[in-house]
Amino acid sequence: MSSPDITPVPKEVRSSSNRPDSAPFLLTPFLRILFVVLGCGLIAGFCLAYSLEPSSRGYGTHQQLGLPPCSIQYLFGIPCPSCGMTTSFAWFVRGRILESIQANIAATYLAIICLTLLPWLLISSWTGRVMPRRKLEYRALILLSSFLLVSVAQWGVRIGFAS
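The residue numbers shown here count from 1 along each chain, following its written sequence. Since the coordinates come from a predicted model, pLDDT governs what is reported: local features require at least 70, and pairs of side-chain atoms require 80 or more to be given and counted, while whole-chain, interface and lining totals use all residues. To obtain the side-chain values, all non-hydrogen atoms of the structure were used and water was disregarded.

Asker: I tried to follow the overall build of the protein on my own but got confused; where do I start?
Answerer: Looking only at helices and strands, one finds seven helices and two strands in the protein. Its helices and strands in sequence order give the protein the pattern α-β-α-α-α-α-α-β-α, from N to C terminus. Each residue is assigned to one of three classes by its accessible area relative to the maximum for its type, calculated with a 1.4 Å probe on protein chains only: buried under 20%, partly exposed between the two thresholds, exposed over 50%. A burial count over the protein gives 28% of its 163 residues as buried. Long-range pairs, those at least 24 residues apart, make up 63% of the contacts in the protein with a sequence separation of at least 6. Accessible surface, the protein: about 11200 Å² in total, of which carbon and sulfur atoms supply 70%. Only DSSP runs of H or I covering at least 4 residues are called helices, and only runs of E covering at least 2 are called strands; the numbering of each starts at the N terminus. When checking whether two residues touch, look at their non-hydrogen atoms; a contact exists if any pair is within 4.5 Å. Per-residue and other accessible areas were derived by the Shrake-Rupley procedure at a 1.4 Å probe size, with only the shown protein chains allowed to occlude residues.

Right under this line is the structure:
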């Protein structure tokens, strides 16, 4: 019985990319435009938050946009996980971090992430490179997971106080 002929596969073929994991990820023209659009969207969101007067109740600022009051608050008498997010952003863009945290700590955390993401998006689109490439998905997952964890924990605390 003869063993099968095993020929070593060249490194270029084995690797899905010829770049090491720490090399910059080059952006296509479409992705560069998308990054600019996302960055402009974040700027627009911060400008919108600045144009709103934060509610003294700590929630309800979104009603200035013509949106209805919180349905969960209305139907069940408890705040929803996103209650106070718009108010928190409105305080955050004014530099009133303590009031922002009091309105919704998860939204304050999200605002910090967005504020950090803004220059990263614009610089990446300008240079055409995303740095660092290594563990980028892992970092995004950690940020999203921690945001959700903070939101749920805050909601649990608020429900406990509402009862």
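Asker: Is there a simple way to think about helix H6 (residues 105-127) in this case?
Answerer: For the α-helix, the turn length of 3.6 residues means that residues three or four positions removed from each other point alike. Each helix should span, by expectation, one fewer than its residue count multiplied by 1.5 Å. Spanning 23 residues, H6 covers 34 Å between terminal C-alpha atoms, matching the ideal 33 Å at 1.5 Å per step. Of the positions making up H6, those classed as buried are Ala-106, Ala-107, Thr-108, Ala-111, Ile-113, Cys-114, Leu-118, Leu-121, Ser-124 and Ser-125. The N-terminus of H6 is capped by Asn-104, whose side-chain oxygen sits 3.0 Å from the backbone nitrogen of Ala-106. Contacts described as polar in this section are N or O atom pairs within 3.5 Å, which, within protein, must combine one atom able to donate a hydrogen with one able to accept it, while residues neighboring in sequence count only if both atoms come from side chains.

Asker: Is there a simple way to explain the pattern of salt bridges in this structure?
Answerer: Two side chains bearing opposite charge may form a pair once their charged atoms approach each other closely. By definition, a salt bridge exists where a carboxyl oxygen of Asp or Glu is found within 4 Å of a side-chain nitrogen of Lys or Arg. On inspection of all chains with the given rule, the structure shows one salt bridge. Here Arg-96 makes a salt bridge to Glu-99, at a shortest N to O gap of 2.8 Å. Classification of Arg-96 by relative accessible area gives partly exposed; the value is 38%. The exposure class of Glu-99 is partly exposed, given its relative accessible area of 23%.

Asker: How do you make sense of the packing of aromatic side chains when you look at a structure like this?
Answerer: Note on aromatic pairs: each is described by the distance of the centres and the angle between the planes. In this analysis, rings of Phe, Tyr and Trp, with Trp reduced to its six-membered ring, are considered paired at centre separations within 6.5 Å, and the interplanar angle assigns stacked below 30 degrees, edge-to-face beyond 60, and tilted for intermediate values. In total, this model carries three aromatic pairs according to the counting rule given. Taken together, a centroid distance of 5.6 Å and an interplanar angle of 40° make the contact between Phe-35 and Trp-120 tilted. Residue Phe-35 is located in helix H2 (residues 29-51), and its partner Trp-120 is located in helix H6; the two are separated by 85 residues in the primary sequence. Following the ring pairs from residue to residue traces out a cluster consisting of Phe-46, Phe-89 and Phe-92.

Asker: Looking at this structure, how should I read the environment of Leu-27?
Answerer: Locating Leu-27 in the fold gives a position in the loop between strand E1 (25-26) and H2. Among all residues touching Leu-27, those that are not within four sequence positions of it are Arg-32, Phe-35, Ser-124, Ser-125, Gly-128, Arg-129 and Val-130.

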